[in-house]
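Each chain, written out:
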Amino acid sequence: MAYRRGVDGSVETVSDETVYLDAASGVPLHPVAREAIMAAQADGWADPGRLYAVGRRAAILLASAREAVADVLDARPDEISFTSSGLTALHAAVLGTMRGNRRRGSRFVHSAVEHSAVLHAAEWHVAAGGEAEAVPVDHLARVDVDTFVARARAASVAAAALQAANHEVGTAQPVSAVADRLGDVPLIVDATQTLGHTPAPCGWSVLAADARQWGGPAGVGVLAVRTGTRWVSPAPADDHGRVPGPPDIPAVVGAAAALRAVVREQSATASRLSALIDRIRARVPAGIPDVEVLGDPVDRLPHMVTFSFLYVDGESLLLELDRRGFAVSSGSSCTSSSLEPSHVLVAMGALTSGNVRVSLSRDTTVEQVERFLDALPDAVANVRAQLDAPS
Amino acid sequence: MSPAALVLDCRGRRCPLPIIELARRIDQVPVGAVIRVEADDPAAGPDVRAWSRLREHEFIGASPAADGTPGYEVRRLR
């Protein structure tokens, strides 16, 4: 603990160490990834397309990273490509699948609560003359299987996109149930929030994932395209395959090593974190008036919970918590550059102001969660007092 | 448009100020009467709707004011 003197001369304690509760925005590099990257920087720097010895060594490292990711996804290694981020993987998944299925039509169907990267790709597709349709969700942020399937199987639909779980409120989507009934309509699954946390989804035609979510480096995304799925690169043609240029091989090797490591401990980590989330979901509304806990309490990501506090602005609450040594994120409009409220919160009919998302990592301890739960009521009360909120 | 018993001008006020104003003033209209909030923050629409649900009042709908500012109407139920 450190101490800080306020303007009025009072002394307050400030935390030295920030408790990081925003794992869904990215987690620190896994120790296994750090070692693998160091080793691969010595051995995997060359162009993997070259036939000389150092080129072949780089190609072998890349192939084994691809095999590791394919293994987790229950896919074939040649179905896996690496992109420069989860976001670019999502863009390539949507635009490449739409392009590859032009003969079916030009309509793109997606849930209303997809990641903004999917929505931006949809806008791009519409600007190029295509059509897009957002399927509404219920108050838990979940699509209805019948509705989603009916929209996705309508005439001139080229592809449909459904996330494995929502990135803001954690609700799992019925991906398998949808996939079972989609017929030959390609299904794009955004697994950026789930891969490394829960078993890989089934039934996808095209999948995107993000190494940042499982302790890999920030610059690695995964694009997986099932054999037989039509997919045409939305970028200019390139010798390297679906994604232009050879990837950053040391980073890819690190991402694969981290994925292997987290998947090995996945179910133990998930049950530990899920119990902590249950505790947060129970204690926050018990100790703080006028709060709504969002998302599905059971069928959800194991490590995430979101609430909206009445009469609180998200930005002030984030800063209050930061001052107390806790890092969380918010979907409130005052915390976004656009000043628009989160499309996820709007689609599920939730209160958008006073929104806080807490997401835990494998490093989060019970003690950290308890400290957060102890600090939260006072932080909320402070913001409410500043706003002169009604009680 | 339902005739509003009270109109709150929340132009230029960022969320959650419009719903704080609404919470403070709803008791000034009788049960069954309509209170109208005019607010230009893009979060005001979803927030007035969610506030009505959480506070068990009836969200009637949205209609713009004469100057084009979005307006939201709520019926006091209790």
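Residues numbered from 1 in each chain as written. Chains lettered and ligands numbered in written order. Predicted model: local features only at pLDDT ≥ 70, side-chain atom pairs only at ≥ 80, totals over all residues. Heavy atoms only, no water.

## A closer look at the overall build of chain B
Across its full length, chain B holds two helices and four strands. A compact globule built from 78 residues would reach a C-alpha radius of gyration of about 12 Å, and chain B, at 11 Å, matches this within 12%. Per-residue burial over chain B gives 54% buried out of 78 residues. In chain B, of all internal contacts separated by at least 6 residues, the share reaching a separation of at least 24 is 64%. One finds the centroid of the 12 positive side-chain charges in chain B at a distance of 4 Å from the centroid of its 11 negative side-chain charges. (Helix = DSSP H or I, 4+ residues; strand = E, 2+ residues; numbered from the N terminus. Rg over C-alpha atoms; globule rule 2.2 N^0.38 Å. Buried < 20%, exposed > 50% of the residue type's maximum accessible area, 1.4 Å probe, protein only. Contact = heavy atoms within 4.5 Å. Lys, Arg positive; Asp, Glu negative; His and termini not counted. Charge placed at Lys NZ, Arg CZ, Asp CG, Glu CD.)

## Considering the sheet that holds strand E4 (residues 71-75) of chain B
Residues and elements named next belong to chain B. Spatially, E1-E2-E4-E3 is the arrangement adopted by the four strands of the open sheet, whose pairing is mixed. Since the sheet does not close on itself, it has two edges, and those belong to strand E1 (6-9) and strand E3 (58-62), each with one partner. Between one strand axis and the next, the sheet turns through 20° on average, direction left out of account. As paired strands, strand E2 (residues 34-38) and E4 are joined by five bridges and run antiparallel to one another. Bridged to Glu 38 within E4 is Gly 71. (Pairing = 2+ DSSP bridges. Axes fitted to C-alpha atoms, helices over the stretch in contact; angles between N-to-C directions.)

## So, the environment of Ala 200 of chain A
For Ala 200 of chain A, the location among the structural elements is in the loop between strand E8 (187-190) and strand E9 (206-210). The contacts of Ala 200 of chain A, once residues within four sequence positions are left out, are Val 72, Leu 73 and Leu 195 of chain A.

## Examining the interface of chain B and chain A
In many analyses, interface size is given as the accessible surface area lost on bringing the parts together. Tallying the contact residues gives 18 residues for chain B and 21 residues for chain A. Interface area for chain B against chain A, summed over the two sides, is near 1,500 Å², with a carbon-plus-sulfur share of 60%. If you look at where chain B meets chain A, you find three salt bridges. In this structure, Glu 292 of chain A engages Arg 53 of chain B in a salt bridge whose closest nitrogen and oxygen atoms are separated by 2.8 Å. One can count seven residue pairs in polar contact (both at pLDDT 80 or more) joining chain B with chain A. For the side of chain B that touches chain A, the elements supplying multiple residues, two or more each, are helix H1 (17-25) and helix H2 (44-54) of chain B. In terms of residue count, the dominant contributor to the side of chain B that touches chain A is H2 of chain B (six residues). Split by residue class, the side of chain B that touches chain A holds 12 nonpolar, no polar and six charged. (Buried area = accessible area lost by both parts, 1.4 Å probe. Salt bridge = Lys/Arg side-chain N within 4 Å of Asp/Glu carboxyl O. Polar contact = N/O pair within 3.5 Å; in protein donor to acceptor, adjacent residues only side chain to side chain. Nonpolar A, V, L, I, M, F, W, Y, C, P; charged D, E, K, R; others polar.)

## Brief notes about the packing of aromatic side chains
All names here are of chain A. Counted under the stated rule, the structure contains two aromatic pairs over all chains. Their ring planes at 65° and their centres at 5.6 Å tell us that Phe 326 and Phe 372 sit as a pair that is edge-to-face. Here the residue Phe 326 occupies a position in strand E13 (residues 326-327), and Phe 372 occupies one in helix H11 (residues 366-386), the gap between them amounting to 46 residues. Exposure class is identical for Phe 326 and Phe 372. Each is buried. (Phe/Tyr/Trp six-rings, centres within 6.5 Å; stacked < 30°, edge-to-face > 60°.)

## Comments concerning the sheet that holds E9 of chain A
All names here are of chain A. Taken together, the seven strands give an open sheet; going across it, the order is E4-E10-E9-E8-E7-E5-E6, and neighbouring strands pair in mixed fashion. The open sheet terminates on both sides in strands that have one partner only, identified here as strand E4 (80-83) and strand E6 (131-135). Direction aside, neighbouring strands of the sheet carry axes that sit 20° apart on average. Of the strand pairs in this sheet, E4 and strand E10 (residues 221-225) are connected by four bridges, and their pairing is antiparallel. What sits directly across from Phe 82, in E10, is Val 222. Contacts between helix H3 (residues 86-100) and the sheet are confined to E4, strand E5 (107-111), strand E7 (157-163), E8, E9 and E10, with E9 contributing the most and set at about 170° to the helix. Its contacts with the sheet place helix H5 (residues 145-152) against E5, E6 and E7, and it is angled at close to 150° to E7.

## Quick word on the pattern of salt bridges
Side chains that differ in sign of charge can pair as their charged atoms come close. Under the criterion given, the structure shown has 36 salt bridges over all chains. Linking Arg 362 of chain A and Asp 363 of chain A is a salt bridge whose minimum nitrogen-to-oxygen distance equals 3.7 Å. Taken together, the shared-partner salt bridges connect Asp 9, Arg 11, Arg 36, Glu 38, Asp 67 and Glu 73 of chain B into one network.

## Quick look at the state of the cysteines
All names here are of chain B. Counted under the stated rule, the structure contains zero disulfides over all chains. Its sulfur unpaired, Cys 10 is 9.0 Å from the next cysteine sulfur, which belongs to Cys 15. The exposure class of Cys 10 is buried, given its relative accessible area of 0%. (Disulfide = S-S within 2.5 Å.)

## Let's talk about the side chain of His 30 of chain A
Residues and elements named next belong to chain A. Along the polypeptide, His 30 turns up in the loop between strand E3 (19-20) and helix H1 (31-43). Look at His 30 and you get buried, because its relative accessible area is 7%. Not counting the four nearest positions on each side in its chain, His 30 is found in contact with Gly 215, Ala 258, Ala 261, Val 262 and Arg 362.

## A short note on the domain arrangement of chain A
Residues and elements named next belong to chain A. Here the domain parsing of chain A yields domain 1 (2-21 + 265-386) and domain 2 (77-240). Domain 1 puts 20 residues into the contact, and the matching count from domain 2 is 25 residues. Of the roughly 1,800 Å² buried where domain 1 meets domain 2, counting both sides, 58% is carbon and sulfur surface. Ionic pairing is found between Asp 299 and Arg 142, a salt bridge with its closest N-O pair at 3.6 Å. (Domains from an automatic or database assignment.)

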